[in-house]
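Residues per chain are reported as follows:
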Amino acid sequence: MDRQQAQARLNEVQALYREWLALLPQLKAAQAEWQRAATLIAQLDDFYAHEYLPLCNAVAGGMALDERTEGEYRVLSEDAIFDALGDANRLAWGWMRLAMASLDPARHGDDAG
C-alpha cells in the first residue's frame, strides 16, 4: 500500500468512525425507547391476561363505559391488545436477531466461537 492508498483508507475509516459517533446518541435513545416500550407492553399483557375478559363481559352485560379514543383502536376491541403483543414479540425477536448477528464471531470470519 503506497502513501496515497494508505491516506485514502485512513480517510475512509475516519469517516466510518465519524458516522458511528453520530449514530451513537440515536442508538442510546432507541435503547431507552425500547425499554419504555417493554414496560408498556408488560402492562398491556398483564391487563390482557387478568382484566380484559372480565371487563369485556361486564360491558357486554350492560356496563356503560366510555370507549372513545383519540383515533387508535379501543383496548376492548377484539384484537387491539392481542395484535400489539404480537407486534412487540416480533420486534423483540428482530432486535435479538440483530444483536446476535452483530456479536457472532463467525460474522468476522472467526469460527472459534
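Preceding this section is the structure that the text describes.
The notes below deal with the structure included here. Starting afresh in each chain, residues are numbered from 1 along the sequence in its written order. Side-chain atom pairs in this predicted model are given and counted only at pLDDT of 80 or more, local residue features only at pLDDT of at least 70, and totals for whole chains, interfaces and linings cover all residues. Here the side-chain values reflect all heavy atoms present in the structure, with hydrogen atoms and water set aside.

Quick word on the overall build of the protein
Numbered from the N terminus, helices here are DSSP runs of H or I no shorter than four residues, and strands are runs of E no shorter than two. In terms of helices and strands, the protein carries three helices and zero strands. Secondary structure elements of the protein occur, N-terminal to C-terminal, as α-α-α. The globule rule is 2.2 Å times the number of residues to the power 0.38, and the radius of gyration it is compared with is taken over C-alpha atoms. Its C-alpha atoms give the protein a radius of gyration of 24 Å, clearly above 13 Å, the size a compact globule of 113 residues would have. The principal-axis extent of the C-alpha atoms belonging to the protein is close to 85 × 35 × 15 Å. Looking at the protein as a whole, 8% of its 113 residues qualify as buried. Throughout, a contact is declared for two residues whenever any of their heavy atoms are within 4.5 Å. Within the protein, counting contacts between residues at least 6 apart in sequence, those at least 24 apart form 49% of the total. Accessible surface area values rest on a Shrake-Rupley calculation with a 1.4 Å probe, where residue burial reflects the displayed protein chains alone. Accessible area of the protein: about 9,600 Å², with a carbon and sulfur share of 58%. The averaged location of the 18 negative side-chain charges in the protein is 10 Å from the averaged location of its 10 positive side-chain charges. Summary of the burial criterion: residues with accessible area below 20% of their type's maximum are buried, those above 50% are exposed, and those between are partly exposed, where the area comes from a 1.4 Å probe applied to protein chains only. Note that His is not counted, nor are the chain ends; the positive residues are Lys and Arg, and the negative ones are Asp and Glu. We put the charge of a Lys on NZ, of an Arg on CZ, of an Asp on CG and of a Glu on CD.

As for the packing of helix H1 (residues 3–50) against helix H3 (residues 80–103)
Inter-axis angles, ranging from 0 to 180 degrees, are taken between N-to-C directions of lines fitted to C-alpha atoms, where helices are fitted over the stretch in contact. Running from N to C, H1 and H3 point in directions that differ by 140°, and their axes come no closer than 10 Å. Relative to H3, the crossing made by H1 is left-handed. In this structure, H1 contributes Trp34, Ile41, Leu44, Asp45, Phe47 and Tyr48 to the contact, and H3 contributes Ile81, Phe82, Ala84, Leu85, Ala88, Leu91, Ala92 and Trp95. Each residue is assigned to one of three groups, with Ala, Val, Leu, Ile, Met, Phe, Trp, Tyr, Cys and Pro labelled nonpolar, Asp, Glu, Lys and Arg labelled charged, and all others, Gly among them, labelled polar. Its residues assigned to classes, the contact of H1 with H3 comprises 13 nonpolar, no polar and one charged. Helix crossings fall into two classes, left-handed where the near helix is turned counterclockwise from the far one by less than a right angle and right-handed where it is turned clockwise.

Regarding the side chain of Ser77
Mapping Ser77 onto the fold places it in the loop between helix H2 (52–60) and H3. Under the relative-accessibility criterion, Ser77 is labelled buried at 14%. At a separation of 2.7 Å, a polar atom in the side chain of Ser77 contacts the main-chain carbonyl oxygen of Arg74. Counting of polar contacts relies on pairs of N or O atoms within 3.5 Å, with two restrictions inside protein: one atom must be capable of donating a hydrogen and the other of accepting it, and residues adjacent in sequence are counted only when both atoms are side-chain atoms.

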